[in-house]
Amino acid sequence: MEFAFFIAGFIALAATLRVITCANPVHALLYLIVSLLAVAIDFYALGAPFAATLEVVVYAGAVMVLFVFVVMMLNLNAETVARERHWLRPALWTGPAIMAGVLLFAMLGALIDGHSIGVVDGQVLSANSVGKQLFGPYVLVVELSAFLLLAALVVAAHLGREDDDVEDKDTARRERGVSKAGEQR
Amino acid sequence: MIFGLSEHDIISIGLTAIRTLVILLGSVLVAAMMIWVERRLLGLWQDRYGPNRVGPFGLLQVVADMIKIFFKEDWIPPFADKAVFVVAPAIIMLTSMLAFAVIPFTPTWTVVNLNVGILFLLAMSSLGVYSVIFAGWASDNKYALLGAMRTAAQMISYEVFMGLSLLGVVLLAGSFNLGVIVESQRGMWNVIPQFPAFVIFFLAGCAEIHRAPFDLPEAEQELTSGYHTEYSGMKFGMFFVGEYLGIVLISCLVTTLFFGGWLGPWLPGFVWFALKAGFFMCFFILLRAATVRPRYDQLMAFGWKVLLPIAIINVAITGAIVVAQS
């Protein structure tokens, strides 16, 4: 399992790096999907198969599909890719990248010194035990997130509502158009 | 001892590998044969012959088609996004074939006995959407893009009902494991207590693999061939076989989840499984022969206004009964 964990971890890192550096947004999204799948394998290797499958179903399978859906509708072309590439000039990102790299090494050093790097193992968490946790000690959080989702649903339904008046006017106009066309004939 | 593996380990790994190969080859072969079966059955129901010239009963028609498709020019449009265009047909084959890994054909014939089997299936079916979306986008063609957008909306919506309809089955069995679910149907097949769930699952499965009557993504009158308009040669062949692989998969799933899988008297388990799954494969074809394609808004309205409430009520009632009985 340790092999699987580290291989998937490196793939997740590399894919995430490509998400940032890719000039073509759809290619970047493809890398992001790969990154999410790799993280799912990491969850599985850590003994959380339930979290792993949910990661794939929810993030890779549903949320990312919506991302791709939106990007698809934006009608991107070579021009946008060139502009994106222009924005990614090395002069812009080298400074932050070096500083972030130093921070990464500091964190790694602290982790190794503090002996908090454990062995990749753990007991396998079944879906059953996850459910017992969610509806036991964490029931308040679950209910709160349910409230939030319901509110979002109501707002979305309200925004997407068709205005009856406008629709009536539209149909009336269309009918008039049809009758005019008929007269001309 | 080789690489720290004992002889016993090596034998079990080898057996699993052989089993995997047999299941993969078997499912792809059955999917390819389905093309012939479909054309013959459609011919029968529409009062004509169908392909009956190549080999006995026209059985070698598939082989002839395969040879043709392999030798066709594999053309990629110059305006297409090449990498994504090539990856797209592979995704549908990959996700469909991976899904076969968790199906228990008999008590011993399954590749992985996964504890989250049903969730794995849902994950694979939700990843299959990418195949169609990327194919439509990479083709850089209006018809393909429109077809892909329809598919994305259709598949995301019907995935919801598919997942919800399975919750009742999971509640009754008390597990996500497909083997345990089959064993839990010893007394009574799930189709009787979970009849609404069965209907919803079948319809949602039909929409997931976009088969007629839910084949709006490729409605030829309005969208030419939809998302695979620009595909030719073996890439088109992969979409085509992928669709039939989907039929085989959904038939196997309906058998496993609602009709007791390998359970049955007298005959060996695998024969029962094959008979039940075969029945549903033929039913898919009958559905195509007998129904008309709904309008796109009708499809969406039917899903969200009819299937979703029924699925939720079914889960609530099943949950209440399970709690009352325990």
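1. Description of helix H2 (residues 25–45) of chain A
Over its 21 residues, H2(A) runs 30 Å from end to end, which matches the ideal 30 Å to within 8%, given 1.5 Å per residue. Downstream of H2(A) by one or two residues, A:Gly47 has phi in the positive range, about 90°.

2. Concerning the interface of chain B and chain A
Taken residue by residue, the interface counts 17 residues in chain B and 15 residues in chain A. Broken down by element, the side of chain B that touches chain A gets its largest block of residues, 6 residues, from helix H4 (residues 117–127) of chain B. Among the residues forming the side of chain B that touches chain A, the class breakdown is 15 nonpolar, 2 polar and no charged.

3. Considerations on the environment of A:Gly160
Residue and element names in this part refer to chain A. As for its position among the elements, Gly160 is in the loop between helix H7 (139–159) and helix H8 (164–184). Gly160 gets classed as exposed once you count the C-beta atoms within 10 Å, which come to 7. Placed 31 residues apart in sequence, Gly160 and Ser129 show a C-alpha to C-alpha distance of 39 Å.

4. Notes on the environment of B:Phe201
Residues and elements named next belong to chain B. Considering the arrangement of structural elements, one finds Phe201 in helix H8 (residues 195–208). Considering only alpha carbons, one finds Phe201 and Val254, 53 residues apart in sequence, at a separation of 7.9 Å. When near neighbours in sequence (up to four residues on either side) are disregarded, Phe201 contacts Met162, Ser165, Leu166 and Val254.

5. Quick word on unusual backbone geometry
All names here are of chain B. Despite not being glycine, Asp47 has its phi angle at roughly 65°, a positive value. As for its placement among the helices and strands, Asp47 is situated in the loop between helix H1 (7–45) and helix H2 (61–71). One non-glycine residue, His210, lies in the positive phi region at around 35°. With respect to the helices and strands, His210 occurs in the loop between H8 and helix H9 (220–223).

Reading guide: rules and limits
- Residues numbered from 1 in each chain as written.
- Chains lettered and ligands numbered in written order.
- Predicted model: local features only at pLDDT ≥ 70, side-chain atom pairs only at ≥ 80, totals over all residues.
- Helix = DSSP H or I, 4+ residues; strand = E, 2+ residues; numbered from the N terminus.
- Expected span 1.5 Å × (residues − 1).
- Contact = placed C-beta atoms within 7 Å.
- Nonpolar A, V, L, I, M, F, W, Y, C, P; charged D, E, K, R; others polar.
- Buried ≥ 20, exposed ≤ 12 C-beta atoms within 10 Å, placed from the backbone.

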